Amino acid sequence: MFATLSDRLTGILTKLRSKGRLTDADIDAAAREIRLALLEADVALPVVRVFINAVKERARGAEVSQALNPGQQVIKIVHEELIGILGGEARRLQFAKQPPTVIMLAGLQGSGKTTLAGKLGRWLREQGHQPLLVAADLQRPNAVNQLQVLGERANLEVYAPQPGNGVGDPVQVARDALDHARRQARDIVIVDTAGRLGVDAEMMAQAAAIRDATSPDETLFVIDAMVGQDAVTTAEAFRDGVGITGVVLAKLDGDARGGAALSVRHVTGQPILFASTGEKLDDFDVFHPDRLAGRILG
Ligand code: GDP
């Protein structure tokens with residue numbers, strides 16, 4: 001994950017580590033190299049600008065410290081700014097005051113939504129919740145079946161359309177699922193919605209209709225991290241068209257460059273809540289900005 005970016009940054013910073021004194025020219029040279037490394041990792045330009053300016057400003061103004069030499073101080077600054085760009089503190093899931101908590105998953109087709117529904121459901125059950133998974137992706141022919149298989153594997157109940165029960169109408173399925181969850185005392189409802197191959201007015205309208213019918217406590221936009229910056233642009237479109245409360249980075253295991261992960265928080269203004277790192281149900285975790293920043297810097 002992010003091997004090239006990680007190698008480049010550690011290479012640049014290692015050169016500074018041993019320096020007893022840093023001139024403005026040293027800082028500028030390092031900043032230029034970091035800028036290039038971020039751009040090559042497909043990080044969005046506005047994010048690169050903000051990042052580089054912050055690092056330069058802080059590095060120049062850094063007080064002489066007893067504990068750290070100037071090179072080490074720059075490393076510390078880069079580390080802290082990486083954490084900042086990834087969102088700072090881990091943001092926890094928001095629960096409804098009055099259960100059930102509704103979590104709607106949105107994203108393009110193939111981004112990893114259905115898989116995430118299973119992972120998130122299983123994770124929430126491990127925290128003592130009683131989640132219900134809802135198959136409201138009626139666009140992709142196999143999505144309902146895929147969610148049922150995941151539900152079976154994770155031992156989670158799946159609410160799927162039945163004949164005479166909302167077939168073809170995802171909004172009705174979501175509404176009925178919510179009633180079912182209340183009757184069965186399920187405290188969390190995870191709604192898998194339909195994606196398309198690209199941003200599409202019909203997909204947005206459907207997601208908005210499901211949102212209106214279920215009033216989600218969280219609307220999580222799932223992005224395929226392997227897609228890079230384009231995935232971030234899609235997240236922005238969804239934020240503006242449907243409203244999102246957070247982002248999930250899926251397929252982080254296959255993301256060689258890191259551009260989406262490092263851009264999405266700043267570009268969308270929304271926190272990254274979870275990371276999906278493989279096809280198995282337990283390849284999933286809460287997103288910790290500090291841990292990822294630590295991994296990037298080796
Ligand atoms: P959806 O169309 O958004 O519901 O996407 P799916 O959940 O069906 O995922 C699309 C493909 O990506 C499937 O083959 C999944 O097994 C795979 N996938 C999902 N999440 C991950 C992940 O975190 N890592 C990897 N490597 N593959 C994933």
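Notes on the structure follow. Here the structure is a predicted model, which means the values were calculated and not measured.

1. Focus on the site of the ligand
Line of reasoning, step 1. Near the ligand you find 17 residues, and of these Gly 110, Thr 114, Thr 115, Asp 253 and Glu 279 are the closest.
Line of reasoning, step 2. One of the backbone nitrogen or oxygen atoms of Lys 113 is found 2.8 Å away from an oxygen atom of the ligand.
Line of reasoning, step 3. One nitrogen or oxygen atom from the side chain of Asp 253 is found 2.7 Å from a nitrogen atom belonging to the ligand.
Line of reasoning, step 4. Notes on the ligand: free accessible area 580 Å², of which the protein chains cover 81%.
Line of reasoning, step 5. Looking at which element gives the most residues to the shell around the ligand, the answer is helix α5 (residues 113–126), with four residues.
Line of reasoning, step 6. Classifying every residue of the shell around the ligand by side-chain character gives one nonpolar, 10 polar and six charged.

2. Here's the deal with unusual backbone geometry
Line of reasoning, step 1. Along the chain, Pro 99 connects to Pro 100 via a cis peptide bond; the corresponding omega equals 5 degrees.
Line of reasoning, step 2. Its place among the elements puts Pro 100 in the loop between α4 (70–85) and β1 (101–106).
Line of reasoning, step 3. Not every positive phi belongs to a glycine, and Ala 185 is a case in point at roughly 55 degrees.
Line of reasoning, step 4. Topologically, Ala 185 is positioned in the loop between α7 (170–183) and β4 (188–193).
Line of reasoning, step 5. Owing to a relative accessible area of 59%, Ala 185 belongs among the exposed residues under this scheme.
Line of reasoning, step 6. Here Ser 215, not a glycine, exhibits a phi torsion of approximately 40 degrees, which is positive.

3. A few points about empty space enclosed by the protein
Line of reasoning, step 1. One pass over the structure, following the stated rule, counts two cavities of 30 Å³ or more.
Line of reasoning, step 2. Approximately 40 Å³ is the volume found for the largest cavity.
Line of reasoning, step 3. Lining of the largest cavity is provided by Leu 16, Ile 27, Ala 30, Ala 31, Ile 34, Val 55, Ala 59 and Val 74.
Line of reasoning, step 4. With four residues, the top contributor of residues to the lining of the largest cavity is helix α2 (residues 24–40).
Line of reasoning, step 5. Here the lining of the largest cavity is built from residues that sort into eight nonpolar, no polar and no charged.
Line of reasoning, step 6. There is about 40 Å³ of room inside the second largest cavity.

4. Looking at the pattern of salt bridges
Line of reasoning, step 1. Inspection of the entire model under this criterion finds 19 salt bridges.
Line of reasoning, step 2. In this structure, the salt-bridge partner of Arg 58 is Glu 81, at a minimum N-O distance of 2.9 Å. In this pair, Arg 58 is assigned in helix α3 (residues 45–61) and Glu 81 in helix α4, connecting sequence segments 23 residues apart.
Line of reasoning, step 3. Taking the relative accessible area as the measure of exposure, Glu 81 reaches 18% and is therefore buried.
Line of reasoning, step 4. In this structure, the salt-bridge partner of Asp 212 is Arg 211, at a minimum N-O distance of 3.0 Å.

5. Section: the pairing of β4
Line of reasoning, step 1. Counting buried positions along β4 yields six of six residues, so the element is predominantly enclosed.
Line of reasoning, step 2. Taking every second residue as pointing to the same face, both faces of β4 are buried, with Ile 188, Ile 190 and Asp 192 on one and Val 189, Val 191 and Thr 193 on the other.
Line of reasoning, step 3. In this structure, β1 lies alongside β4, joined through five bridges in parallel fashion. Directly across from Ile 103, in β4, lies its bridge partner Ile 190.
Line of reasoning, step 4. Across six bridges, the pairing between strand β2 (residues 131–136) and β4 is parallel. Bridge assignment links Pro 131 to a residue of β4, and that residue is Ile 188.

So, how was this worked out
Residues numbered from 1 in each chain as written. Predicted model: local features only at pLDDT ≥ 70, side-chain atom pairs only at ≥ 80, totals over all residues. Heavy atoms only, no water. Near = heavy atom within 4 Å. Polar contact = N/O pair within 3.5 Å; in protein donor to acceptor, adjacent residues only side chain to side chain. Areas by Shrake-Rupley, 256 points an atom, 1.4 Å probe, with all protein chains shown as cover. Helix = DSSP H or I, 4+ residues; strand = E, 2+ residues; numbered from the N terminus. Nonpolar A, V, L, I, M, F, W, Y, C, P; charged D, E, K, R; others polar. Buried < 20%, exposed > 50% of the residue type's maximum accessible area, 1.4 Å probe, protein only. 1 Å grid on protein atoms, 1.4 Å probe; cavity = no way out; pocket = protein on both sides within 12 Å on 5 of 7 lines; lining within 4 Å. Points joined across faces, edges and corners; volume = space filled by probe spheres on them. Salt bridge = Lys/Arg side-chain N within 4 Å of Asp/Glu carboxyl O. Pairing = 2+ DSSP bridges.

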